[in-house]
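# Fold and contact review
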Amino acid sequence: MGQFIMPNKIKISILLLFFLTSIKGNAQIIIGLLFGEALNTEKIEFGLTGGLNRSNFNGYNESEGLNNFNLGFYFHVMLKENSFVSTGVLIRSNVGATGMPTYMLDDPGFDEVFKDGVLTTKVNYFYVPIMYHHRIKNRMLLEGGIQPGLRSRAFDYFNLESNGGDLEFRKNVSDDFTRLDFGLVGGMGYKLKNELKSMSVGVLYYYGLVDVKKNTDAIVKNSSLNVYLRIPIGTGK
């Protein structure tokens, strides 16, 4: 069942999951205290990653890009000097699109109200990037690999601007999307310090290979451009 949402309501939530355990609050401090020093070793860098994500539906011409935020944690496991396996989990990673026409729900009153509205779809996946990570002179980062994902929830948002206000309706459409997603991911970054374990910024692009939308003739594949900040935890820097 759908539900109406108060217009202009801002929701701020941070969700962290470690082996299926949810932790709410100041995630960086909690993870740093519990895991940071134990997980950061001579061969392993552990930390938090987060940033802005611009997602879209490849193959769906009527859609526009949607801005989201990513949040998760990462591991860099050293193979040899300047070569690493980079992995982790994006816990909060919405994908989707906006700017699409609304559809009928077989409710005359509702359909009449939202017939000129805009549809936004947000799908939450737990993504696990698995990449080869190479560093050039300790500062420049090159990464590339695969990224499987597990869907949790999906919602369609019907939005309408009317009489100077905003009207929004949310409908749970989780069953309309495949449980699994999979694609290619790659990008580049830059270490803010010359130390082996230090903050970095960069960009990653994800190109989905799976048709994630059920019960439709259109082929819909996820894509996203992620601008990230990575912060090592428990390194003492």
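Report follows, based on the coordinates. (Residues numbered from 1 in each chain as written. Predicted model: local features only at pLDDT ≥ 70, side-chain atom pairs only at ≥ 80, totals over all residues. Heavy atoms only, no water.)

## Re the overall build of the chain
For the chain, the helix and strand inventory stands at two helices and 13 strands. A burial count over the chain gives 42% of its 237 residues as buried. A separation of at least 24 residues holds for 65% of the contacts in the chain among residues at least 6 apart in sequence. As displayed, the chain offers around 13000 Å² of accessible surface, 59% of which is attributable to carbon and sulfur atoms. (Helix = DSSP H or I, 4+ residues; strand = E, 2+ residues; numbered from the N terminus. Buried < 20%, exposed > 50% of the residue type's maximum accessible area, 1.4 Å probe, protein only. Contact = heavy atoms within 4.5 Å. Areas by Shrake-Rupley, 256 points an atom, 1.4 Å probe, with all protein chains shown as cover.)

## With respect to empty space enclosed by the protein
Applying the stated criterion across every chain, the model contains two cavities of 30 Å³ or more. Of the pockets and cavities examined, the largest cavity occupies roughly 220 Å³. Where the lining of the largest cavity is concerned, the elements lending two or more residues are β4 (44–58), β5 (66–80), β6 (83–101), β12 (200–208) and β13 (221–232). Here the element with the most residues in the lining of the largest cavity is β6; it accounts for seven residues. Split by residue class, the lining of the largest cavity holds 14 nonpolar, 10 polar and one charged. At the level of secondary structure, the elements contributing two or more residues to the lining of the second largest cavity comprise β4 and β5. Class assignment for the residues of the lining of the second largest cavity results in four nonpolar, one polar and five charged. (1 Å grid on protein atoms, 1.4 Å probe; cavity = no way out; pocket = protein on both sides within 12 Å on 5 of 7 lines; lining within 4 Å. Points joined across faces, edges and corners; volume = space filled by probe spheres on them. Nonpolar A, V, L, I, M, F, W, Y, C, P; charged D, E, K, R; others polar.)

## A short note on the nonpolar core
Counting residues in each nonpolar core, the largest one holds 25 residues, and the members touching the most others are F57, F114, V123, Y125, Y127, F158 and F177. Of all elements in the fold, only β6, α2 (108–114), β7 (118–127), β9 (140–162) and β12 reach the threshold of two or more residues within this core. Discounting residues that sit within four places of it in the chain, F177 has contacts with F57, T121, V123, R151, A154, V212, K213 and K214. Within the second largest apolar cluster, six residues are counted, among which are L48, F73, F75 and I91. (Core = buried A, V, L, I, M, F, W, Y, C linked by side-chain atoms within 4.5 Å.)

## What to know about unusual backbone geometry
With a phi angle near 70°, N82 is a residue other than glycine that sits in the positive phi range. Located in the positive-phi region is K137, a residue other than glycine, with phi close to 55°. Inspection of the secondary structure assignment puts K137 in the loop between β8 (130–136) and β9. Look at K137 and you get exposed, because its relative accessible area is 73%.

## With respect to the pairing of β5
Two faces make up the sheet, and in a regular strand the side chains alternate between them. Bridge count for β4 against β5 is 12 bridges, and the pairing is antiparallel. What sits directly across from G51, in β5, is N70. The sheet contact formed by β5 and β6 spans 10 bridges and is antiparallel. Along β6, the bridge assignment pairs L71 with R92. (Pairing = 2+ DSSP bridges.)

## So, the packing of aromatic side chains
Tallied over the entire structure, the rule returns 13 aromatic pairs. Aromatic pair F46 and F73: ring centres 6.1 Å apart, planes at 50°, arrangement tilted. In this pair, F46 is assigned in strand β4 and F73 in strand β5, connecting sequence segments 27 residues apart. According to the relative accessible area criterion, F73 is buried, its value standing at 7%. Measuring from centroid to centroid gives 4.8 Å for F110 and F169, while their planes differ by 65°, and the two rings are edge-to-face. Of this pair, F110 sits in helix α2 while F169 sits in strand β10 (residues 165–172); the two residues are 59 residues apart in sequence, bridging distant segments of the chain. Both residues of the pair, F110 and F169, count as buried. The structure contains a cluster of three or more aromatic residues connected by ring pairs, namely Y103, F110, F114, F158 and F169. (Phe/Tyr/Trp six-rings, centres within 6.5 Å; stacked < 30°, edge-to-face > 60°.)

Coordinates in, geometry out; function isn't part of it.
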